[in-house]
Amino acid sequence: MRKALVIGNLRASIPVIQGGMGVGVSLSKLAGNVAKCGGIGIISTAQIGYQEPGFEENPIETNLKAIGKHIQRAKEIAQGGIVGVNIMVATKRYEDYVKAAVKAGADLVISGAGLPTMLPALVEKSKTKIAPIVSSVKSAAVICKLWDRKYKRCPDLVVIEGPKAGGHLGFSREELEHTTDEAYEREIQGIMEITREYGEKYSCHVPVVVAGGIYDRKDMEHALQLGADGVQVATRFVTTYECDASDAYKQAYIQAKKEDIVLVQSPVGMPGRAVRNDFIQQTEKRKEQTEVLAESKPSWNCRQCLEKCNPAKIPYCITDALVNAVKGNVERGLIFCGTNAYRAEKLEHVSEIMEEFSMNTV
């Protein structure tokens, strides 16, 4: 019999974390409903205020206000369930985003797209739990060692994100193309050894959640057999009635075939996985023009999203591409997804998915 996912004083009766998906794919409606059904709902803070007045003029300040708004809404829907946020380390003014989430009462902050070296200091004296996203034994060892040395603590939770995940990924393109399931399962075991070591030092159990390629109950069962305490699921929740994305975005998943799921290069240099569409095809055609584009003035208004983005040297604006997609202009947008997006055949309710994952849970 499976046990609930326990993170300190937080207890999710179903060991499923809904992965954070931005821009605007997992906001208060999706996260709140997952939490209501016994899982952990995660709001993505990536350009979270894109629908709010003032976003174009003051994107960061608008986002910071929207964090509190969405956490409050999600908690109202959740009716006592666990609601957290995903905040990318690469976010410009990352510290302010974390502080806004803590102030709004987020139960959990999950942080990847870089190592969250300063995260413990940002949640000090709060009840908010913190979890780094790691993709390798090396990154797990680095963050645990640093938090131990500098903050005298260990993570409350560790999320292991594998090469089958969607969005921006912590792997090289070569690793994404050639890493086998068996090889990555060895990496998972190595990361678990590190979490056990630091858990023993601090007389606690550091739960480990596996992410990337988890689509159904069978996938979850396999992760739990490897020793994981739970799973993080993202792609499966996109094609739900409660997902915050547009219907056109959801239909792009449902209509996608396996060969439509491709690796792309983000304008900020990180590989990602997405549904192949006109936008990606046109972007690929423009690759040879990168130097010309780099010398020209950008045709978009910078939304201050990523710390290391230089608008003058990128082929397109990642915010524009993701906002277009989530609003429904899918052929002019970037539709991030996991490897299993093609498995979606219909819209479902969050409650139906959670029921599937809850069987035999105690």
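See the structure printed just above.
Residues numbered from 1 in each chain as written. Predicted model: local features only at pLDDT ≥ 70, side-chain atom pairs only at ≥ 80, totals over all residues. Heavy atoms only, no water.

Counting its secondary structure elements, the protein chain contains 14 helices and 13 strands. Taking 362 residues into account, the globule formula puts the C-alpha radius of gyration at 21 Å, and the protein chain, at 19 Å, falls close to it. With respect to the three principal axes, the spread of C-alpha positions in the protein chain is 55 × 40 × 40 Å. A burial count over the protein chain gives 55% of its 362 residues as buried. Sequence separation of 24 or more characterises 66% of the internal contacts of the protein chain that already satisfy a separation of 6 or more. For the protein chain, the computed accessible surface area is about 16,200 Å², with 48% contributed by carbon and sulfur atoms. Charged side chains of the protein chain number 46 positive and 44 negative; the gap between the two group centres comes to 5 Å. (Helix = DSSP H or I, 4+ residues; strand = E, 2+ residues; numbered from the N terminus. Rg over C-alpha atoms; globule rule 2.2 N^0.38 Å. Buried < 20%, exposed > 50% of the residue type's maximum accessible area, 1.4 Å probe, protein only. Contact = heavy atoms within 4.5 Å. Areas by Shrake-Rupley, 256 points an atom, 1.4 Å probe, with all protein chains shown as cover. Lys, Arg positive; Asp, Glu negative; His and termini not counted. Charge placed at Lys NZ, Arg CZ, Asp CG, Glu CD.)

As a further point, take the nonpolar core. General note: in soluble globular proteins, nonpolar side chains tend to be found buried as a group. Grouped together as the largest cluster of nonpolar side chains are 100 residues, with contacts concentrated most on Val 16, Ile 43, Phe 237 and Leu 334. If one sorts the elements of this core by residue count, helix α2 (residues 59-78) sits on top with seven residues. Excluding residues within four positions of it along the chain, Phe 237 makes contact with Val 16, Gln 18, Leu 30, Val 34, Cys 243, Val 350, Ile 353 and Met 354. By size, the runner-up hydrophobic cluster in this structure holds 16 residues, among which are Ala 12, Ile 17, Ile 40 and Val 209. (Core = buried A, V, L, I, M, F, W, Y, C linked by side-chain atoms within 4.5 Å.)

Before going further, it helps to examine the environment of Tyr 94. Counting through the fold element by element, Tyr 94 comes out in helix α3 (residues 94-103). Judged by its relative accessible area of 4%, Tyr 94 falls in the buried class. As for Tyr 94 and Pro 116, which are separated by 22 residues in sequence, their C-alpha atoms are 9.6 Å apart. The contact partners of Tyr 94, leaving out residues within four places of it in the chain, are Ile 87, Met 88, Val 89, Ser 111, Pro 116, Met 118, Leu 119 and Leu 122.

Here the focus is the sheet that holds strand β12 (residues 261-265). Taking strand neighbours across the sheet as the criterion, the three strands line up as β9-β13-β12 in an open arrangement whose pairing is antiparallel. Both edges of this open sheet fall to β9 (167-168) and β12, since each of them pairs with a single strand only. In the sheet, β12 pairs with strand β13 (residues 271-275) via five bridges, with the strands oriented antiparallel. Residue pairing in the sheet places Gln 265 in a bridge with Pro 271 of β13. (Pairing = 2+ DSSP bridges.)

A word on a positive patch on the surface. Together, Lys 145, Arg 149, Lys 150 and Lys 152 make up a positively charged patch on the protein surface. What makes Arg 149 exposed here is its relative accessible area of 56%. (Patch = residues over 30% accessible without salt bridge, like charges linked within 9 Å, V, L, I, M, F, W, Y side chains within 5 Å. Salt bridge = Lys/Arg side-chain N within 4 Å of Asp/Glu carboxyl O.)

Counted by the stated rule, this structure contains two aromatic pairs. On the basis of an interplanar angle of 65° and a centroid distance of 5.8 Å, the ring pair of Phe 171 and Tyr 184 is categorised as edge-to-face. Placement of the pair is Phe 171 in the loop between β9 and α6 (173-178) and Tyr 184 in helix α7 (residues 181-201), with a sequence separation of 13 residues. Since its relative accessible area comes to 8%, Phe 171 is described here as buried. (Phe/Tyr/Trp six-rings, centres within 6.5 Å; stacked < 30°, edge-to-face > 60°.)

Another point: the packing of α2 against α3. At a minimum axis separation of 9 Å, α2 and α3 run at an interaxial angle of 25°. In this view, α2 runs roughly parallel relative to α3, as classed from their interaxial angle. For the element pair α2 and α3, the recorded crossing hand is right-handed. Residues Ile 60, Asn 63, Leu 64, Ile 67 and Ile 71 of α2 lie in contact with α3, whose contacting residues are Asp 96, Tyr 97, Ala 100 and Ala 101. Looking at side-chain class alone, the contact of α2 with α3 contains seven nonpolar, one polar and one charged residues. (Axes fitted to C-alpha atoms, helices over the stretch in contact; angles between N-to-C directions. Parallel < 35°, antiparallel > 145°, perpendicular 65-115°, else oblique. Left-handed = near helix turned anticlockwise from the far one by under 90°. Nonpolar A, V, L, I, M, F, W, Y, C, P; charged D, E, K, R; others polar.)

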